[in-house]
Amino acid sequence: SSDLQQRGAKTSPSTIVTAMAMLWVDKHRPKTLDELDYHVDLSARLKRIAATRDQPHMLFTGPSGAGKSTRVHALLRELYGSGADMVKVETRSVAPNPSTPSNTVDIQVVVSNYHLMVTPADVGTKDRAVVMQLIKEVASHPPLGGHTFKVVVIEEAGSLSTDAQAALRRTMERYMRTCR
């Protein structure tokens, strides 16, 4: 909290507790598929898929707090090693209509050399353009380190509009050689 106060940030007890809880959760989150002690059969199946290097498109479903993100992060580590942990948060500008580039939408994405994580539902009705443009952008750059594909993680995909889901399906089919 003193570090936050030195930077001039307003801190309240709830802000400090939330920051401490997030750090504790991240510190103790399972890092590998072997460390996940629930749905062991699913972890074994994901390890076999990762070993074949022929990753299909996947959809992880379940209630909030079920461990979907933790399992995805562990799978990324299984596929790409520690390089999947070298991430940064970027703000990308996406023009929903290419004819009017001044009308852009900013969205935060988590990127590494191997994957991109995005929540297009955050931009509301412009989610279709975000899905199409970000996946095209990722697919246009070749994967590193002898890997044949990059991974695009779309969080809250069930919240996408019908148009965005249809665009996602078409884009996934088009760029299957370089993205999963």
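Residues numbered from 1 in each chain as written. Predicted model: local features only at pLDDT ≥ 70, side-chain atom pairs only at ≥ 80, totals over all residues. Heavy atoms only, no water.

Draft legend 1. View of the nonpolar core. Ranked by size, the top nonpolar core spans 21 residues in total, and within it Ile 107, Val 109, Leu 116, Val 118, Val 130 and Leu 134 carry the most contacts. The set of elements that each furnish at least two residues to this core consists of strand S2 (105-111), strand S3 (115-118), helix H5 (127-140) and helix H6 (162-174). By residue number, the principal contributor to this core is H5, which donates seven residues. Apart from residues no more than four positions distant in its own chain, Val 118 is found in contact with Ile 107, Val 109, Val 130, Leu 134, Val 153, Ile 154 and Glu 155. By size, the runner-up hydrophobic cluster in this structure holds 16 residues, among which are Leu 46, Val 72, Leu 79 and Val 151. (Core = buried A, V, L, I, M, F, W, Y, C linked by side-chain atoms within 4.5 Å. Buried < 20%, exposed > 50% of the residue type's maximum accessible area, 1.4 Å probe, protein only. Helix = DSSP H or I, 4+ residues; strand = E, 2+ residues; numbered from the N terminus. Contact = heavy atoms within 4.5 Å.)

Draft legend 2. Quick look at the environment of Pro 30. Within the secondary structure, Pro 30 sits in the loop between helix H2 (13-28) and helix H3 (40-52). Residue Pro 30 is classed as partly exposed on the basis of its relative accessible area, which comes to 22%. Put simply, Pro 30 and Ala 74 are 44 residues apart on the chain and 7.5 Å apart in space, counted from C-alpha to C-alpha.

Draft legend 3. Broad picture of the environment of Phe 60. Examined against the element boundaries, Phe 60 turns out to sit in the loop between H3 and helix H4 (68-80). On a C-alpha basis, the gap between Phe 60 and Glu 155 in space is 9.5 Å, while along the polypeptide they are 95 residues apart.

Draft legend 4. Highlighting H5. Taking 1.5 Å of rise per residue, the 14 residues of H5 would be expected to cover 20 Å, and the 20 Å separating its terminal C-alpha atoms lies within 8% of that figure. For H5, the set of buried residues is Asp 127, Ala 129, Val 130, Val 131, Met 132, Leu 134, Ile 135, Val 138 and Ala 139. Its buried side turned inward, H5 meets strand S1 (88-94), S2, S3, strand S4 (151-154) and H6. (Expected span 1.5 Å × (residues − 1).)

Draft legend 5. Quick peek at the side chain of Thr 119. Relative to the helices and strands, Thr 119 resides in the loop between S3 and H5. The residues contacting Thr 119, other than those within four sequence positions of it, are Ile 107, Glu 155 and Glu 156.

Draft legend 6. Summary view of the pattern of salt bridges. Applying the stated criterion across every chain yields a total of seven salt bridges. A salt bridge links Arg 180 to Asp 54; its shortest N-O distance comes to 3.9 Å. Residue Arg 180 is located in the segment after H6, and its partner Asp 54 is located in the loop between H3 and H4; the two are separated by 126 residues in the primary sequence. As a salt-bridge pair, Glu 173 and Arg 169 come within 3.4 Å of each other at their nearest N and O atoms. (Salt bridge = Lys/Arg side-chain N within 4 Å of Asp/Glu carboxyl O.)

Draft legend 7. Main features of the packing of aromatic side chains. Going through the model one piece at a time under the given rule, you end up with one aromatic pair. Geometrically, the ring pair formed by Tyr 80 and Tyr 114 is stacked, given 4.8 Å between the ring centres and 15 degrees between the ring planes. With a gap of 34 residues between them, Tyr 80 in helix H4 and Tyr 114 in the loop between S2 and S3 connect regions that are remote in the sequence. The residue whose ring lies beneath Arg 180 is Phe 149, and the NZ or CZ to ring-centre distance is 4.8 Å. (Phe/Tyr/Trp six-rings, centres within 6.5 Å; stacked < 30°, edge-to-face > 60°. Lys NZ or Arg CZ within 6 Å of the ring centre and 35° of its normal.)

Draft legend 8. Quick look at the sheet that holds S3. Across the sheet, which stays open at both edges, the four strands sit in the order S1-S2-S3-S4 with mixed pairing between neighbours. Every other strand in the sheet has two partners, leaving S1 and S4 as the edge strands with one partner each. Averaged over all neighbouring strand pairs, the angle between strand axes comes to 30 degrees, with direction disregarded. Note that S2 and S3 share three bridges and pair antiparallel. For Val 111, the partnering residue across the bridge sits in S3 and is Leu 116. Packed on one face of the sheet, H4 meets S3 and S4 and runs near 175 degrees to S4. (Pairing = 2+ DSSP bridges. Axes fitted to C-alpha atoms, helices over the stretch in contact; angles between N-to-C directions.)

Honestly, it's all geometry; don't read function into it.
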